[in-house]
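An overview of the molecular structure
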Amino acid sequence: MTNATDQVSIRRKMGRLAPILPALIVSVAAAIAFILFPYDLAFLTRIVIMMIFVLSFDLILGYAGIATLGHAAMYGCGAYAAGLVSLHLASDPLIGLLAGAIAGALIAWISGCVLLRAQGVALLMISIAVTMVLQETASQARWFTGGADGLAGITVSPLLGMYEFDFVGQVAFIYSVCILIAVLIFCCILASSPFGLALRGIEGSASRMRAIGTPVYRRKVTIYVIAGAIAGIAGALAAQVTGLVGIEVFNFSLSADVMVMLIVGGAGRLYGALIGTLVFMVVHHIAAGIDPFNWLFVIGFMLLIIVFALPKGLVSLPDRLVALLRRKP
């Protein structure tokens, strides 16, 4: 009885530490990268920002089963919101993040109320249409968004009034990593909550969840708004770090890249979003450096190998290896 009680106690303690463990791993990995690659912090910061973006997409695709190709809509709105706030209202980076989160959540709620009533191909087409409308609006409203030239000259004040953004990018990298850790902890808590378990059920069988009384549509809209807020935060970070926002933030290719990153890493497991983003960005960086015109061949070849060899993404590689070892006589 004592041993059983001890095991239950250990499991409970491990369960409490579960949301913190990914944050610890990310913190250690970021510290190692900061030390080993001090002159590549701008590239590392882009990776961190894309990790936040892909995490938001994992919430709707991996957990709720909502497949869209217009996730850049929330990212772009967050970027423009942060840029406009910085230029006209306040240059505090945290206020810009809040503005990005609100803008992303707002456009997700407005579009999600219509978009999530559709399914399959119709859902994909409507999500693309929403992004295209926003991109055209940003292009035409030159007086507000800068049009095709975008918003330039975005500056942010020192973080917390003490840490000024330096040319090397040390503060920007640490700032982005802190936001990633906060988002990751939130996503871990959300995924293990009753709401997260309900999303898993909806992803598995929406009809069954509807039969037991779960408000499927309301749950989908809620997670879509949450994911939109996180995507808006990623867009706001990108605007603050680069100091520029263009209509390219609404490009279809950005939404497609995010989906590829998640497929490479593995949907429905938060680690997959991080691993897939890291692998995709590093391979893209190296391949584009070697051949700027044919780097897509490398990405496509990598994606084919992963889809056929590891249908659940790179995050399933350890389980696959263990299964192969057990088959050996």
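Located above this text is the structure these notes cover.
The following refers to the structure shown. (Residues numbered from 1 in each chain as written. Predicted model: local features only at pLDDT ≥ 70, side-chain atom pairs only at ≥ 80, totals over all residues. Heavy atoms only, no water.)

**Remarks on the overall build of the protein**
Convention followed: Working definition: helices are DSSP H or I runs of at least four residues, strands are E runs of at least two. Numbering for both runs from the N terminus. Taken over C-alpha atoms, the radius of gyration is set against a globule rule of 2.2 Å times the number of residues to the power 0.38. Burial status follows relative accessibility: with a 1.4 Å probe on protein chains alone, a residue under 20% of its type maximum counts as buried, one over 50% as exposed, and anything between as partly exposed. We call two residues in contact when some of their heavy atoms are within 4.5 Å. Reported accessibility uses the Shrake-Rupley method at a 1.4 Å probe radius. Residues are deemed covered only where the shown protein chains occlude them. When charges are counted, neither His nor the chain ends are considered; positive counts come from Lys and Arg and negative counts from Asp and Glu. Here the site of a charge means NZ on Lys, CZ on Arg, CG on Asp, or CD on Glu.
Within the protein, the secondary structure is distributed over 15 helices and two strands. For the protein, whose C-alpha radius of gyration is 21 Å, the value lies close to the compact-globule estimate of 20 Å for 329 residues. A principal-axis box enclosing the C-alpha atoms of the protein has dimensions of 70 × 50 × 45 Å. Across the 329 residues of the protein, 48% fall into the buried class. Sequence-distant contacts in the protein: of pairs separated by 6 or more residues, those separated by 24 or more amount to 79%. Counting only carbon and sulfur atoms, one obtains 70% of the accessible surface of the protein, whose full area is about 17,200 Å². Each charge class in the protein can be summarised by its mean position, and for the 19 positive and 13 negative side chains these summaries are 22 Å apart.

**Re the packing of aromatic side chains**
Our working rule: To pair, rings of Phe, Tyr and Trp, with the six-membered ring standing in for Trp, must have centres within 6.5 Å; the planes then decide the type, stacked if under 30 degrees apart, edge-to-face if over 60, and tilted in the middle. Criterion for a charge above a ring: Arg CZ or Lys NZ at most 6 Å from the ring centre, at most 35 degrees from the ring normal.
On inspection of all chains with the given rule, the structure shows four aromatic pairs. Pairing Phe 34 with Phe 173 gives two aromatic rings, centres 6.0 Å apart and planes at 20°, and the pair type is stacked. Within this pair, whereas Phe 34 is found in helix 2 (residues 20–36), its partner Phe 173 is found in helix 8 (residues 170–192), the two being separated by 139 residues in sequence. Above the ring of Tyr 217, the side-chain terminus of Arg 117 is found at 4.3 Å from the ring centroid.

**Some remarks on the side chain of Thr 68**
The topology assignment puts Thr 68 in the loop between helix 3 (41–63) and helix 4 (72–88). Look past the residues within four positions of Thr 68 in its chain and what remains in contact with it is Phe 57, Ile 60, Leu 115, Leu 124, Ser 127, Tyr 224 and Met 259.

**Remarks on the environment of Leu 274**
By secondary structure assignment, the location of Leu 274 is in helix 13 (residues 270–290). Sequence separation between Leu 274 and Ala 67 is 207 residues; the distance between their C-alpha atoms is 19 Å. Those residues in contact with Leu 274 that lie beyond four places of it in its chain are Val 26, Met 51, Leu 55, Leu 180 and Leu 184.

**What to know about helix 6 (residues 120–140)**
Using the following cut-off: Here the expected span of a helix is defined as 1.5 Å times the quantity of residues minus one.
Between its terminal C-alpha atoms helix 6 stretches 31 Å, which fits the 30 Å expected from 21 residues at 1.5 Å a residue. Packed against the buried residues of helix 6 are helix 4, helix 5 (93–115), helix 7 (142–145) and helix 12 (252–265).

**Some points on helix 3**
Spelled out, the test is: One axis is fitted to the seven residues ending at the residue and one to the seven starting there. The bend at that residue is the angle between these axes.
In a regular helix each residue adds 1.5 Å, so 23 residues correspond to 33 Å; helix 3 covers 31 Å between its end C-alpha atoms and thus fits that length. Of all the bends found along helix 3, the most pronounced is centred on Phe 57 and spans about 30°. With 21 of 23 residues buried, helix 3 is to be regarded as a mostly interior element. Where helix 3 terminates, the next one or two residues include Gly 65, which has phi positive at roughly 70°.

**Examining the state of the cysteines**
What counts is decided by this rule: Disulfides are defined in this document as cysteine sulfur pairs within 2.5 Å.
Enumeration over the complete set of coordinates arrives at zero disulfides. Take Cys 178: it sits in no disulfide, and the sulfur closest to it among the cysteines is that of Cys 187, at 16 Å. The closest cysteine sulfur to the non-disulfide-bonded Cys 188 is located on Cys 187, 7.1 Å from its own sulfur. Classification of Cys 188 as buried rests on a relative accessible area of 13%.

**Some points on the packing of helix 4 against helix 6**
Defined as follows: The convention used is that axes are lines fitted to C-alpha atoms, helices contributing only their stretch in contact, and that angles between N-to-C directions extend from 0 to 180 degrees. What sets the label is the angle itself: under 35 degrees gives roughly parallel, over 145 gives roughly antiparallel, 65 to 115 gives roughly perpendicular, and the rest give oblique. Under the scheme applied here, ten amino acids are nonpolar (Ala, Val, Leu, Ile, Met, Phe, Trp, Tyr, Cys and Pro), four are charged (Asp, Glu, Lys and Arg), and all others, including Gly, are polar.
Interaxial distance between helix 4 and helix 6 falls to 9 Å at its minimum, and their mutual angle equals 25°. One element, helix 4, and the other, helix 6, form an angle in the roughly parallel class. Contact residues: Ala 72, Ala 73, Cys 77 and Tyr 80 in helix 4; Val 130, Thr 131, Leu 134 and Ala 138 in helix 6. Split into classes, the residues belonging to the contact of helix 4 with helix 6 amount to seven nonpolar, one polar and no charged.

**Looking at a nonpolar patch on the surface**
Just so we agree on the cut-off: Residues enter patches when they are more than 30% accessible in relative terms and free of salt bridges; like-charged ones are connected within 9 Å and nonpolar ones (Val, Leu, Ile, Met, Phe, Trp, Tyr) within 5 Å. Whenever Lys or Arg places a side-chain nitrogen within 4 Å of a carboxyl oxygen from Asp or Glu, that contact is recorded as a salt bridge.
Nonpolar side chains collect at one region of the surface, where Ile 20, Leu 21, Leu 24, Ile 25, Tyr 271 and Ile 275 lie side by side and expose about 510 Å² of accessible area between them. For the nonpolar patch, the elements supplying multiple residues, two or more each, are helix 2 and helix 13. Mapped onto the elements of the fold, Leu 24 is located in helix 2.

**Looking at the packing of helix 4 against helix 5**
Condition: The sense of a crossing depends on the near helix, which, turned anticlockwise from the far helix by less than a right angle, makes the crossing left-handed and, turned clockwise, makes it right-handed.
Closest axis-to-axis distance for the helix 4/helix 5 pair is 7 Å, and the angle between their directions is 140°. Like other packed secondary-structure pairs, helix 4 and helix 5 cross with a definite hand, here right-handed. The residues of helix 5 that touch helix 4, namely those facing Ala 73, Met 74, Cys 77, Gly 78, Ala 81, Ala 82 and Val 85, are Ile 95, Gly 96, Ala 99, Gly 100, Ala 103, Gly 104, Ile 107 and Ala 108.

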